[in-house]
Amino acid sequence: MSDKNIKNEKMEAIVSLAKRRGFIYQGSEVYGGLSGTWDYGPLGVTLKRNIMNLWWKMFVDDREDMYGVDAAILMNQNVWKASGHVDTFTDPLVEDLETKQRFRADHLLKDAGYDVDGLSLEAMTKLIQDNTIKSPNGNELSEVRTFNMMFKTTVGPVDDESSISYLRPETAQGIFTNYKNILDSYYPDLPFGLAQQGKAFRNEISPRDFIFRSREFEQMEIEYFIDPSTWEAEFEKWIGLVHEWTNALGLPVESVHELEVGEADRAHYSKRTVDFEFDFPIGREELLGLAYRTDFDLMNIQNAAGKNMEYTVKGTNTKFVPHVIEPSFGVERAIMAVLSTAYTEDEVNGEKRIYLKLPEHLAPIKYAVSPLLKNKEELVVKAREVYDALKKKHGNVVWDDNGNIGKRYRRQDEIGTPYCVVIDFDSLEDNTVTVRERDSTEQRRVSIEELCQ
Ligand code: GAP
């Protein structure tokens, strides 16, 4: 079997496990689904929160120079005009001339083996025509056009030009529009950052690869305001911090790659971009981005809104509009990287086993507690005492008394629970329990006092 097939099989196994065990479901599935949307079940939402909380702790709570914000998703349409999104937030699109289905032109060309980096719309059209590239349905394709990816809506009862708004395609603009508020409320010294987590929406032409390319997803973004003379050093610092983040997610160092993005491929606002790519089962793809956005956004606000965005160096008359380094993290891509790193198959006692080798701090459930036999009242009572104590301490603890012990272990392995605790007849005598470890499957005898302290 080819390497690609093995990787695709792994991706399919992860998608199937995610659905079967209540991590992630297709959005609106009972109605046939809504492409590019995903719903999180009990385990998925906890995994997602663990990742987002870890990020918040690392980049906001543990630092002195960071301010958290939570801006509205709907924003004044002038935000998106000034930011350039109305004019330039586009993807290249081709239409199947028979079915009218639309596809990303760059994806079709890449899949056909062509390098599309920096190609204009005309050049892409020429490549398609010269090489008679067809749609995935085998039909002729239209010429390549641009397609704006913002979801448009109207705010209020009147549906006219002035009521247009957009679901934000990035959380960043909600940060820029609050820069002045934070400056006026907190008087921070440069450099300082504003951090935000929240939903972003993009009308992707072809959402694909599970949650990797969704139409509704979550971002964790920082706009780090700096003196422009320091941008190179600050950029390097952020490269280091991004690696600390991927380490904290438990991603193998050798699977994370830096890609220096060439000028032709950088977003319209960026003077330097490094994409951090990850070896996903679907191939090496973007996990997150780091960009030097200069003073592009604050100057746009200053010019369009007529508000002064200058920062005054304390105790001096020196004023300037700060520049910005922007690390932008996608939550779904982090989840996908964590799940594909954790997914493992091995053999235990001659039987195939599937388990998620999740780092303990990300696992949705930390302990599963069981009485050895569920029909022995004294074991159940004792096990309940242990369960209550662990639950009070950790929260993410479950009671699991279904099936035999072997089945319980397999079930917990599959969702990445690091420890299974079993209360047996010896526990009644000596107040010890068996703690079985997920990865090694080793079992140790531990005193209840030590376990719950
Ligand atoms: N504010 C900068 C910005 O939004 P971006 O490279 O367009 O930059 C940042 O997006 C990150 O958001 C990406 O690296 C990725 O992790 C995530 N992302 C972007 N589009 C996505 C999509 N359609 N589905 C899931 N995640 C996405």
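Residues numbered from 1 in each chain as written. Predicted model: local features only at pLDDT ≥ 70, side-chain atom pairs only at ≥ 80, totals over all residues. Heavy atoms only, no water.

(A) Representation of the site of the ligand in the model. Surveying the vicinity of the ligand reveals 21 residues, the closest of which are Glu170, Arg202, Ser214, Glu221 and Glu286. Between the ligand and arginine 202, the relevant distance is 2.8 Å, taken from an oxygen atom to a side-chain nitrogen or oxygen of the residue. Contact distances for the ligand include 3.0 Å between a nitrogen atom and a side-chain N or O atom of glutamate 326. With the chains in place, 91% of the 550 Å² that the ligand exposes on its own is no longer accessible. If you list the elements that add at least two residues to the shell around the ligand, you get β11 (216-226), β14 (283-294) and β17 (323-330). Broken down by class, the residue content of the shell around the ligand amounts to 7 nonpolar, 5 polar and 9 charged. (Near = heavy atom within 4 Å. Polar contact = N/O pair within 3.5 Å; in protein donor to acceptor, adjacent residues only side chain to side chain. Areas by Shrake-Rupley, 256 points an atom, 1.4 Å probe, with all protein chains shown as cover. Helix = DSSP H or I, 4+ residues; strand = E, 2+ residues; numbered from the N terminus. Nonpolar A, V, L, I, M, F, W, Y, C, P; charged D, E, K, R; others polar.)

(B) Spotlight on the pairing of β11. Within β11, 10 of the 11 residues are buried, leaving the element largely enclosed by the surrounding structure. In the sheet, strand β10 (residues 192-201) pairs with β11 via 10 bridges, with the strands oriented antiparallel. Of the residues in β11, the one forming a bridge with alanine 195 is isoleucine 222. Taken together, the 6 bridges between β11 and β17 define a ladder with antiparallel strand orientation. (Buried < 20%, exposed > 50% of the residue type's maximum accessible area, 1.4 Å probe, protein only. Pairing = 2+ DSSP bridges.)

(C) Expanded view of the pattern of salt bridges. If you walk through the whole model with that rule in mind, you get 33 salt bridges. Residue glutamate 345 is joined to lysine 352 by a salt bridge in which the shortest nitrogen-to-oxygen separation is 3.8 Å. Owing to a relative accessible area of 56%, lysine 352 belongs among the exposed residues under this scheme. Put simply, Asp91, Arg104, Asp106, Glu204 and Arg213 are held in one network by salt bridges that share partners. (Salt bridge = Lys/Arg side-chain N within 4 Å of Asp/Glu carboxyl O.)

(D) Broad picture of the packing of helix α2 (residues 42-61) against helix α9 (residues 231-248). Where α2 contacts α9, the two axes come as close as 11 Å, and the packing angle between them is 145°. The crossing of α2 and α9 is right-handed. Contacts between α2 and α9 involve Ile51, Leu54, Trp55, Met58 and Phe59 from the first element and Trp238, Leu241, Glu244, Trp245 and Ala248 from the second. Counted by class, the contact of α2 with α9 contains 9 nonpolar, no polar and 1 charged residues. (Axes fitted to C-alpha atoms, helices over the stretch in contact; angles between N-to-C directions. Left-handed = near helix turned anticlockwise from the far one by under 90°. Contact = heavy atoms within 4.5 Å.)

(E) Region of interest: the packing of α2 against helix α11 (residues 331-342). One way to put it is that α2 packs onto α11 with a least axis distance of 10 Å and a crossing angle of 110°. Of the possible angle classes, the one that applies to α2 and α11 is roughly perpendicular. For the pair α2 and α11, the contacting residues are Leu47, Lys48, Ile51 and Met52 in the first and Val331, Glu332, Ala334, Ile335, Val338 and Leu339 in the second. For the contact of α2 with α11, the class distribution of residues is 8 nonpolar, no polar and 2 charged. (Parallel < 35°, antiparallel > 145°, perpendicular 65-115°, else oblique.)

(F) Molecular detail of the sheet that holds strand β24 (residues 443-447). Overall, mixed pairing links the 5 strands, which are arranged β21-β20-β22-β23-β24 in an open sheet. Here the strands that pair on one side only, and so sit at the sheet edges, are β21 (397-399) and β24. Going across the sheet, the axis of each strand differs from the next one's by a mean of 30°, ignoring polarity. One ladder, built from 5 bridges, connects strand β20 (residues 367-371) with strand β22 (residues 419-423); its direction is parallel. If you follow serine 370 over to β22, its bridge partner there is valine 422. Sitting on the sheet, helix α12 (residues 377-394) is in contact with β20, β21 and β22, with an inclination near 165° to β20. In this fold helix α13 (residues 405-414) packs onto β20, β21, β22, β23 (432-437) and β24, with an angle of close to 155° to the strand it touches most, β22.

(G) Here's a closer look at the nonpolar core. Core analysis: the largest hydrophobic core is formed by 62 residues, its most contacted members being Phe23, Ile51, Phe59, Trp238, Trp245 and Leu249. It is α2 that provides the largest number of residues to this core, a total of 9 residues. What phenylalanine 59 contacts, discounting residues up to four positions off in sequence, is Met66, Ile222, Trp238, Leu241, Trp245 and Phe329. Counting residues in each nonpolar core, the second largest holds 19 residues, with Ile175, Ile182, Met309 and Val321 among its members. (Core = buried A, V, L, I, M, F, W, Y, C linked by side-chain atoms within 4.5 Å.)

(H) Examining the environment of alanine 305 more closely. Relative to the helices and strands, alanine 305 resides in helix α10 (residues 296-305). Taking the relative accessible area as the measure of exposure, alanine 305 reaches 47% and is therefore partly exposed. The spacing of alanine 305 and asparagine 78 is 227 residues in sequence and 8.5 Å in space, taken between C-alpha atoms.

(I) Seen up close, the packing of aromatic side chains. Evaluated as defined, the whole model comprises 23 aromatic pairs. Here tryptophan 245 and phenylalanine 329 contribute two aromatic rings whose centre-to-centre distance is 6.0 Å and whose plane-to-plane angle is 85°, an arrangement assigned as edge-to-face. A residue pair is termed long-range when its members are at least 10 positions apart, and tryptophan 245 in helix α9 and phenylalanine 329 in strand β17 qualify at 84 residues. Judged by its relative accessible area of 1%, tryptophan 245 falls in the buried class. Summarising the aromatic geometry, the rings of tyrosine 387 and tryptophan 399 are spaced 5.8 Å apart at their centres and angled 75° between planes, so their arrangement reads as edge-to-face. Of this pair, tyrosine 387 sits in helix α12 while tryptophan 399 sits in strand β21; the two residues are 12 residues apart in sequence, bridging distant segments of the chain. (Phe/Tyr/Trp six-rings, centres within 6.5 Å; stacked < 30°, edge-to-face > 60°.)

(J) A look at the domain arrangement of the protein. Per the domain assignment, the segments making up the protein are domain 1 (3-86 + 150-339), domain 2 (90-148) and domain 3 (365-452). Here domain 1 and domain 2 have C-alpha centroids that lie 27 Å from each other. Summing both partners gives a buried area of about 920 Å² for domain 1 against domain 2, and 44% of it is carried by carbon and sulfur. Of all residues in domain 1, Ile205, Arg208 and Asp265 bury the most surface against domain 2, accounting for 52% of the area lost on that side. Scanning the region where domain 1 abuts domain 2 turns up 2 salt bridges. Measuring nitrogen to oxygen at the nearest pair gives 3.7 Å for the salt bridge that ties arginine 208 to aspartate 111. Where domain 1 meets domain 2, there are 5 residue pairs in polar contact (both at pLDDT 80 or more). For the side of domain 1 that touches domain 2, the class distribution of residues is 4 nonpolar, 3 polar and 4 charged. (Domains from an automatic or database assignment. Buried area = accessible area lost by both parts, 1.4 Å probe.)

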